[in-house]
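So the chains spell out like this:
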Amino acid sequence: MSRRRPPCPLPMRGGVSASRVFMPPGPWRTLFEFLRERFPHVPEHILEARLARGDIVDGAGMAQRADKPYQAQGWLWYYREVPDEAAVPFELKVLYRDDALIAVDKPHFLASTPGGQYLRETALTRLREQLSMPEISPMHRLDRETAGVLLFCADPDKRGAYQSLFQSRQVQKEYEAWAPWRADLALPLCRRSHLLAVPGRFVMQEAPGEPNSETHIEVQARQGEWAHYRLRPTTGRKHQLRVHMNALGITICNDRYYPIDQAMDLDDDLSRPLQLLARAIAFPDPFSGQIRRFESELELQGPTTVSASR
């Protein structure tokens, strides 16, 4: 059987698409033995309960049994579950919508797409459920801690054309941030560096090597020991703006991840959001040729939300 993605036999549920897992050749005698090894983080009694409820199906949509003999080269489909997922009490506002594009204002603390411990409290899930449009897909992503303009495609046939704009760097992004003021830092400036992931951690670091990231940084206003910065990235590396600002000694206000050697509070403090906002995004429309620009209606709270430790 081909490993090509098969059609999903389950409908979207609550804005969440079904997940799938391939069954490779192996020593498992029963389906349950395979699932127990494939999902070691899921307690056995939960796997058994989900099978008993018929929540795991094959490619034909048939419910599977725990004692079913294992058959390799097939697919299983199921709805992923995240118990006790924390609610994000902020609105996801639709800024613009047509037959192809949807622009939203993503609040702080809301993930862009499902992943890890975030499933329903994501921009994609909320939007699919709010608009009853299961075909919506993301054009790009924002960090969960970052607020601002986020684009989605409503027409699967047009997604490739819009996605190519990001790949060819025809999309212009503008961010705002509050961070410390440094009188000895000559601004505006352009920060270029080689960014690498830190093994085993959800952070990035600058390292020797050919630059693979670039950010233009300038000051818009100053308020005492703080400054309101304008950031224009020409590349889209993970945590790029946060790493570049930290490397310059002006770590963005309320950043829990940087510097990477600081003690990090794992719990969200909704009163102290990261002071980083995706203010605007602009690009030439591949179908009309017109310049499309979408701008956030959100505002950063500024130094009033800065933690004492910065």
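All of these numbers come straight from a predicted model, not from anything done at the bench. (Residues numbered from 1 in each chain as written. Predicted model: local features only at pLDDT ≥ 70, side-chain atom pairs only at ≥ 80, totals over all residues. Heavy atoms only, no water.)

Caption draft 1: Structural context of the overall build of the chain. Secondary structure assignment for the chain yields 5 helices and 14 strands. Expressed as a percentage of contacts within the chain between residues at least 6 apart in sequence, the contacts between residues at least 24 apart total 63%. Carbon and sulfur atoms make up 49% of the accessible area of the chain, which amounts to about 16100 Å² in all. The chain carries 41 positive and 39 negative side-chain charges, and their two centres are separated by 4 Å. (Helix = DSSP H or I, 4+ residues; strand = E, 2+ residues; numbered from the N terminus. Contact = heavy atoms within 4.5 Å. Areas by Shrake-Rupley, 256 points an atom, 1.4 Å probe, with all protein chains shown as cover. Lys, Arg positive; Asp, Glu negative; His and termini not counted. Charge placed at Lys NZ, Arg CZ, Asp CG, Glu CD.)

Caption draft 2: Region of the structure containing the nonpolar core. Judged by nonpolar contacts, the single largest core of 33 residues is most densely connected at Phe152 and Leu231. Of all the elements in the fold, those that place two or more residues in this core are β5 (101–106), α3 (123–131), β7 (147–153), β8 (172–180), β12 (226–233), α5 (240–247) and β13 (276–284). Those residues in contact with Phe152, other than ones at most four positions away along the chain, are Ala100, Leu101, Ile102, Val104, Ser112, Ala123, Leu124, Leu127, Ile136, Ser137, Pro138 and Met139. With 15 residues, the next largest nonpolar core counts Met23, Leu31, Phe32 and Tyr70 among its residues. (Core = buried A, V, L, I, M, F, W, Y, C linked by side-chain atoms within 4.5 Å. Buried < 20%, exposed > 50% of the residue type's maximum accessible area, 1.4 Å probe, protein only.)

Caption draft 3: Representation of the sheet that holds strand β2 (residues 57–58) within the structure. With antiparallel pairing, 3 strands are arranged side by side in an open sheet as β1-β3-β2. Of all strands in the sheet, those with a lone pairing partner are β1 (19–23) and β2, marking the two edges. Note that β1 and strand β3 (residues 74–78) share 5 bridges and pair antiparallel. The residue bridging Val21 from the neighbouring strand is Leu76, located in β3. Here helix α1 (residues 31–38) sits on the sheet in contact with β1 and β3, set at roughly 115° to β1. (Pairing = 2+ DSSP bridges. Axes fitted to C-alpha atoms, helices over the stretch in contact; angles between N-to-C directions.)

Caption draft 4: Broad picture of helix α4 (residues 159–167). Taken residue by residue, α4 has Tyr162, Gln163, Leu165 and Phe166 as its buried positions. Summarising the axial view, the buried residues of α4 lie within an arc of 145°, below the 170-degree limit, and thus occupy one face. Buried-residue contacts for α4 involve β5, β6 (137–138), β7, β8, β13 and β14 (291–295). Remark: Arg169 follows α4 within two positions and exhibits a positive phi of approximately 60°. (Arc of directions from axis to C-beta.)

Caption draft 5: The state of the cysteines, seen in detail. Evaluated as defined, the whole model comprises 0 disulfides. The thiol of Cys8 is unpaired, and the distance to the nearest cysteine sulfur, on Cys153, comes to 20 Å. The class of Cys8 is partly exposed, set by a relative accessible area of 35%. (Disulfide = S-S within 2.5 Å.)

Caption draft 6: View of the packing of α1 against helix α2 (residues 44–52). Running from N to C, α1 and α2 cross one another at 135°; their axes reach a closest spacing of 10 Å. What the angle tells us is that α1 and α2 run oblique. At the point where α1 passes α2, the crossing takes the right-handed sense. Facing α1, whose interface residues are Leu31, Phe32, Leu35 and Arg36, α2 presents Glu44, Leu47, Glu48 and Leu51. Here the residues of the contact of α1 with α2 sort into 5 nonpolar, no polar and 3 charged. (Parallel < 35°, antiparallel > 145°, perpendicular 65-115°, else oblique. Left-handed = near helix turned anticlockwise from the far one by under 90°. Nonpolar A, V, L, I, M, F, W, Y, C, P; charged D, E, K, R; others polar.)

Caption draft 7: The arrangement of the packing of aromatic side chains in detail. According to the stated counting rule, one finds 11 aromatic pairs in the structure shown. Seen in terms of ring centroids, Trp28 and Phe34 are 5.1 Å apart; in terms of plane orientation they differ by 70°. Their pairing is edge-to-face. Taking the relative accessible area as the measure of exposure, Phe34 reaches 3% and is therefore buried. Note on Phe34 and Tyr70: the rings are 5.2 Å apart at their centroids and 45° apart in plane angle, and the pair reads as tilted. Residue Phe34 is found in helix α1, and its partner Tyr70 is found in the loop between β2 and β3; the two are separated by 36 residues along the sequence. (Phe/Tyr/Trp six-rings, centres within 6.5 Å; stacked < 30°, edge-to-face > 60°.)

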